[in-house]
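If you want the building blocks of each chain, they are given just below.
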Amino acid sequence: MNILALDDEYLGLEGLVTAIKANVPNAIVGGYRDIKEALDYAEKTNPEIAFLDIELRMGNGLDVAKKLKAMNPRINIIFVTGYSEYMKEAFDLYASGYVLKPVMNENIKKELENLRFPVSEKKRISVHTFGNFEIFGDGIPLTFAYSKSKELLAILVDANGITCSMGMVEELMWEREDDCRDHRAYIRNLIADIRRSLRKFNAEDIILRSHNNIGLKVSDIDCDYYDYLAGKPEAIAAFNGEYMSQYSWAEKTLGSLLKP
């Protein structure tokens, strides 16, 4: 679960974040005192819930809510304020809830248990392999700092739960290079990059790591390739004769899929 908290008062924000974490300790909570930083965070991470103070020195929480709703119409907006007169305006925006200050743990708990748009504790990761390889978190394409991070994830998806050694990954990713460089330190950077991207969707634990081996927790992934292997009619109908087309090493798996 990803939650945004906005309050321009230091103590107010600290108390709000503490109360949220007391109720959902596994949630990712982005706490901000600046409106622009809060909106940047929302654009990058697509939080399911936003706790917003209404009276801000540099703006208004109601306006922030409108911008968040434009990004994601199903975001749960919960206003946190010391003033009850904003309640009508808040609910005109179809807010999920309204908490009066001082913030109490039990009030935050009540709002989290009665969200307008219920959310699961953990988001699903979805993968498309038919055609080009693409990976999404809650429908949003994952982005990476390194260009080869996506390819490493594709290798793990193709392995279908089988653990890959660093040497196996290295051989696949640099198969056409003539040099004898050891790329394993770089691979470790790729793994860290993948985890950072997955963390935005509370899903970094799908990466399984042990010493020089790496794997994928396939039970937490929606994947057309896995559905095809399971004989699901919609996946069989979706197969277009192409599989991870941007990677030459995927031709072996494609050959198995094309067999009658």
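Residues numbered from 1 in each chain as written. Predicted model: local features only at pLDDT ≥ 70, side-chain atom pairs only at ≥ 80, totals over all residues. Heavy atoms only, no water.

> I keep staring at the pairing of strand β13 (residues 213-216) and nothing clicks. Help me out?
Regular strands have side chains that alternate between both faces of the sheet. As judged from the 2 bridges shared by strand β11 (residues 164-165) and β13, these two strands associate in the antiparallel manner. Note that in β13 the partner of C164 across the bridge is I214. (Pairing = 2+ DSSP bridges. Helix = DSSP H or I, 4+ residues; strand = E, 2+ residues; numbered from the N terminus.)

> What is the right way to read helix α2 (residues 35-45) from this model?
Given 3.6 residues per turn, any residue in an α-helix points the same way as the ones three and four places further on. Inspection of α2 places I35, A38, L39, Y41, A42 and T45 among the buried residues, and these make up the whole buried set. The buried residues of α2 occupy an angular sector of 155° when the element is viewed end-on, so they sit on one face. Across from the buried face of α2, at angles greater than 90 degrees, the exposed residues are K36, E43 and K44. Among the structural elements, β1 (2-6), β2 (28-32), β4 (55-56), β5 (59-60) and α3 (61-71) are those in contact with the buried residues of α2. Where α2 starts, the residue carrying a side-chain oxygen 3.0 Å from the main-chain nitrogen of K36 turns out to be D34. One or two residues past the end of α2 sits N46, with phi positive at roughly 50°. (Buried < 20%, exposed > 50% of the residue type's maximum accessible area, 1.4 Å probe, protein only. Arc of directions from axis to C-beta. Contact = heavy atoms within 4.5 Å. Polar contact = N/O pair within 3.5 Å; in protein donor to acceptor, adjacent residues only side chain to side chain.)

> What exactly am I supposed to notice about the packing of aromatic side chains here?
How two aromatic rings sit relative to each other is given by the distance of their centres and the angle of their planes. Applying the stated rule across the entire model yields 9 aromatic pairs. Ring geometry for F130 versus Y228: centroids 5.9 Å apart, planes at 85°, classification edge-to-face. One end of the pair, F130, is in the loop between β8 (125-128) and β9 (134-137); the other, Y228, is in helix α9 (residues 224-229), with 98 residues separating them in the sequence. The class of F130 is buried, set by a relative accessible area of 12%. Pairwise contacts between aromatic rings join F130, Y228 and F239 into one cluster. One cation-aromatic arrangement involves K148 over W174; the distance from NZ or CZ to the ring centre is 5.2 Å. (Phe/Tyr/Trp six-rings, centres within 6.5 Å; stacked < 30°, edge-to-face > 60°. Lys NZ or Arg CZ within 6 Å of the ring centre and 35° of its normal.)

> Would you explain the pattern of salt bridges in this entry?
Opposite charge on two side chains lets them pair, provided their charged atoms get close. All told, the structure shown has 12 salt bridges when counted by the stated rule. Among the salt bridges present, the one from R196 reaches D193, with a minimum N-O distance of 3.7 Å. A residue pair is termed a helical-turn pair when its members lie 3 or 4 positions apart in one helix, as R196 and D193 do in helix α8 (residues 184-199) at 3 residues. Between K232 and D227 there is a salt bridge; the shortest N-O distance is 3.5 Å. Look at K232 and you get partly exposed, because its relative accessible area is 37%. (Salt bridge = Lys/Arg side-chain N within 4 Å of Asp/Glu carboxyl O.)

> Could you clarify how one ought to interpret the state of the cysteines in this entry?
Here a disulfide denotes one covalent bond, and it connects the sulfur atoms of two cysteines. Applying the stated rule across the entire model yields 0 disulfides. The thiol of C164 is unpaired, and the distance to the nearest cysteine sulfur, on C223, comes to 14 Å. For C164, a relative accessible area of 2% puts it in the buried group. (Disulfide = S-S within 2.5 Å.)

> Teacher, can you tell me more about the packing of helix α6 (residues 149-159) against helix α7 (residues 166-173) here?
The interhelical angle for the contact between α6 and α7, taken along N-to-C directions, is 120°, at an axis separation of 11 Å. In this structure, the crossing between α6 and α7 has a hand that is right-handed. Of the residues in α7, those touching α6 at E151, L152 and I155 are V169, L172 and M173. When the residues that make up the contact of α6 with α7 are grouped by side-chain class, the tally is 5 nonpolar, no polar and 1 charged. (Axes fitted to C-alpha atoms, helices over the stretch in contact; angles between N-to-C directions. Left-handed = near helix turned anticlockwise from the far one by under 90°. Nonpolar A, V, L, I, M, F, W, Y, C, P; charged D, E, K, R; others polar.)

> Help me understand the environment of I35, please; the structure alone is not making it clear to me.
Turning to its location among the elements, I35 is positioned in helix α2. Excluding anything up to four places from it in sequence, I35 contacts L6, L56, M58, G59, N60 and V64.

> It is not clear to me how unusual backbone geometry should be interpreted in this structure. Could you clarify?
In the segment running from K101 into P102, the intervening peptide bond is cis, with an omega of 0°. Here P102 is to be found in the loop between β7 (97-100) and α5 (105-113). At N46, a residue that is not glycine, the phi angle is positive and equals roughly 50°. The topology assignment puts N46 in the loop between α2 and β3 (49-53).

> Please clarify how the nonpolar core should be interpreted in this entry.
Nonpolar side chains in soluble globular proteins generally cluster together in the buried interior. In this structure, F133, L152, V157, I207, L216, Y243 and M244 are the most contacted members of the largest nonpolar core, which totals 41 residues. Counting only elements with at least two residues in this core, the list comes to β8, α6, α7, α8, β13, β14 (221-223), α9 and α11 (251-258). When residues of this core are assigned to their parent elements, the largest contribution, 7 residues, is made by α6. Residue contacts for F133: discarding those within four places in its chain leaves V127, H128, K150, L153, A154, V157, M244, Q246 and Y247. The next biggest cluster of nonpolar side chains, apart from the first, holds 20 residues, and it includes L39, A65, I75 and A95. (Core = buried A, V, L, I, M, F, W, Y, C linked by side-chain atoms within 4.5 Å.)

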